[in-house]
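Summary of the model geometry
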Amino acid sequence: MPRRRQSVHLGSGSDGTDDSDSSAEREQTNSSESDGNIPKRTRLTRASLRLSQSSQDTPDVKRVGDHDESPPLTPTGNAPSSESELDISSPNASHDESVAKDPALRDSDKDLSHRPKRRRCHETYNFNMKCPTPGCNSLGHLTGKHERHFAVSGCPLYHNLSADECKVKATTREKHEDETKVQEESNRHATRHQTPTSKQTRYKEQVTEMRKGRNSGLPKEQKEKYMEHRQSHGNTREPLLENITSEYDLELFRKAQARASEDLKTPQEKLRIQGQITEGSNMIKTILFGRYELDTWYHSPYPEEYARLGRLYVCEFCLKYMKSQTILRRHMAKCVWKHPPGDEVYRKGAISVFEVDGKKNKIYCQNLCLLAKLFLDHKTLYYDVEPFLFYVMTEADNTGCHLVGYFSKEKNSFLNYNVSCILTMPQYMRQGFGKMLIDFSYLLSKVEEKVGSPERPLSDLGLISYRSYWKEVLLRYMYNFQGKEISIKEISQETAVNPVDIVSTLQSLQMLKYWKGKHLVLKRQDLIDEWKAKETKRGSNNKTIDPSSLKWTPPKGT
């Protein structure tokens with residue numbers, strides 16, 4: 001009986017393979033109509049091996065068990081170490097756990113110990129919407145600015161305070177900060193005093209008076225109280241700090257704690273505190289991507305049936321997303337992709353860059369955008385990928401070309417944006433790949449004989465990367481410059497950096513001054529020497545783009 005043609009879903013790969021849960025159910029339904037024994041054989045796992053060992057009179061079952069000992073390859077090129085690696089959210093999770101606990105199966109898996117273990121990136125975030133401190137109801141915040149908290153760093157109970165006390169302390173700190181700002185504003189245009197004012201002298205005397213008794217020993221009753229608190233709560237509470245030091249120093253410490261708790265909030269916790277993510281909302285918490293298990297940072301609009309699972313399995317080559325590891329293993333056995341689609345326009349060593357047209361490879365580019373949104377805050381493009389070109393950087397080994405990062409670029413940009421969106425995968429961050437992607441985007445602008453700039457707004461990490469790149473480009477230009485007069489226009493034409501970005505970078509480096517009606521560029525030799533010392537220290541291992549390795553011509557119509 002011919003099967004109906006299935007409509008292409010966003011999550012399906014462009015290789016034509018159908019590995020979704022619905023397709024698996026259809027296959028089992030169709031097969032059950034023709035043969036009633038086949039569905040039973042498809043549900044057999046390692047338990048069939050145990051049964052075949054006990055009863056040698058069932059050759060069909062033994063063949064299924066033998067086949068299950070060598071499952072399809074995973075994205076790392078190796079078979080999973082055991083059936084216990086299946087997704088715990090799958091319906092057969094309890095069955096798999098009982099199988100994994102069987103002594104006979106553990107003995108059969110001893111030869112798999114040499115295989116590499118999956119590596120996990122980033123600290124796991126607690127998505128249970130509860131503070132880990134025992135007895136805490138997650139109400140209040142150490143800063144006094146929020147109604148809820150989800151980490152120990154912001155827990156008032158852990159710091160032996162109440163939510164109301166935190167709010168009172170926050171009001172006092174804000175009042176003191178406002179008074180300080182007013183005083184600084186009034187003294188900005190005043191003549192600077194060489195000696196302390198009478199107000200500053202009185203304040204110094206008050207602080208000295210408060211600190212006089214901080215070195216005196218604690219009374220016996222106070223020590224017993226502290227020891228009792230320590231024994232009853234252990235490490236689940238902060239030690240009592242009263243009377244250990246002066247009130248002034250203790251308040252400074254509390255202020256630093258509050259500021260640290262505000263800075264230590266993860267992106268997910270910030271969204272939860274602001275009310276943008278609720279307990280019932282669908283948000284993917286982790287993804288299995290090749291040899292890595294990555295914690296996500298932001299929400300991505302995956303289909304609801306996938307987002308509600310909390311954990312997603314993504315093929316690192318075709319970027320198709322799946323619901324369970326079983327489907328991923330079956331997909332990897334059939335997936336023929338080992339590198340991104342499109343043309344390879346750059347290769348040096350193990351690093352390659354592929355140019356992927358959003359119109360020709362729409363499914364791949366949409367999956368790439370959905371994956372990138374898990375780690376980008378300001379990204380809004382997901383499905384309308386046809387007007388863009390995607391430049392995907394990969395690192396090759398014997399198993400294929402692994403995704404390092406990418407940037408997208410409009411085919412026709414009226415504002416000469418050379419980057420619309422840029423991302424380095426979390427497992428490759430802080431290794432120089434982000435700067436390589438930026439350098440490659442400006443290399444394309446040089447070939448096009450244009451001046452480029454990234455599209456705004458930039459993410460926090462993107463802004464840091466671009467400022468670091470612009471600083472390095474300008475200092476290298478200054479180091480090699482031998483003339484007497486420097487023109488911003490000439491710098492822009494040689495480096496393909498927008499003049500606005502050059503001026504903002506020069507201002508941040510304090511290399512741009514206004515004198516006698518003219519703007520002057522100062523050549524700060526100390527910054528140049530510092531940059532040169534860092535370049536020498538990096539040596540030949542520095543990750544850079546080689547223009548001679550680029551094989552690319554600008555697309556027509558750009």
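Residues numbered from 1 in each chain as written. Predicted model: local features only at pLDDT ≥ 70, side-chain atom pairs only at ≥ 80, totals over all residues. Heavy atoms only, no water.

1. Digging into the packing of aromatic side chains
How two aromatic rings sit relative to each other is set out by the distance from centre to centre and by the angle between their planes. Overall, the coordinates contain 15 aromatic pairs when judged by the stated rule. Ring geometry for Tyr302 and Tyr321: centres 4.8 Å apart, planes at 85°, overall edge-to-face. You can see Tyr302 sitting in the loop between strand S3 (292–295) and helix H12 (304–307) and its partner Tyr321 sitting in strand S5 (residues 321–322), a full 19 residues away along the chain. Looking at Tyr302, the relative accessible area reads 6%, which means it is buried. Using a relative accessible area of 1% as the deciding quantity, one classes Tyr321 as buried. Through a chain of ring-to-ring contacts, three or more aromatic side chains come together here, namely Tyr346, Tyr391, Phe407 and Phe440. (Phe/Tyr/Trp six-rings, centres within 6.5 Å; stacked < 30°, edge-to-face > 60°. Helix = DSSP H or I, 4+ residues; strand = E, 2+ residues; numbered from the N terminus. Buried < 20%, exposed > 50% of the residue type's maximum accessible area, 1.4 Å probe, protein only.)

2. Side note on the pairing of strand S14 (residues 518–521)
Sheet analysis places strand S13 (residues 512–515) next to S14, joined by four bridges and oriented antiparallel. Each residue of the ladder has a partner; that of Leu512, found in S14, is Val521. Between S13 and S14, which pair antiparallel and follow one another directly, the connecting turn spans two residues, one of which, Lys516, has a positive phi of 55°. (Pairing = 2+ DSSP bridges.)

3. Side note on a nonpolar patch on the surface
Residues Trp515, Leu520 and Leu522 make up a contiguous nonpolar surface patch of about 280 Å² in total accessible area. Mapped onto the elements, Leu522 comes out in the loop between S14 and helix H19 (525–538). (Patch = residues over 30% accessible without salt bridge, like charges linked within 9 Å, V, L, I, M, F, W, Y side chains within 5 Å. Areas by Shrake-Rupley, 256 points an atom, 1.4 Å probe, with all protein chains shown as cover. Salt bridge = Lys/Arg side-chain N within 4 Å of Asp/Glu carboxyl O.)

4. Focus on the UniProt feature "active site" (unreviewed entry) in the chain
UniProt tags Glu455 as "active site" (unreviewed entry). If you trace the backbone, Glu455 turns up in the loop between strand S12 (453–454) and helix H16 (460–480). Contacts of Glu455, omitting those with residues within four sequence positions, involve Glu410, Tyr417, Val419 and Ser420. (UniProt positions renumbered as here; feature names shortened; annotations may be inferred. Contact = heavy atoms within 4.5 Å.)

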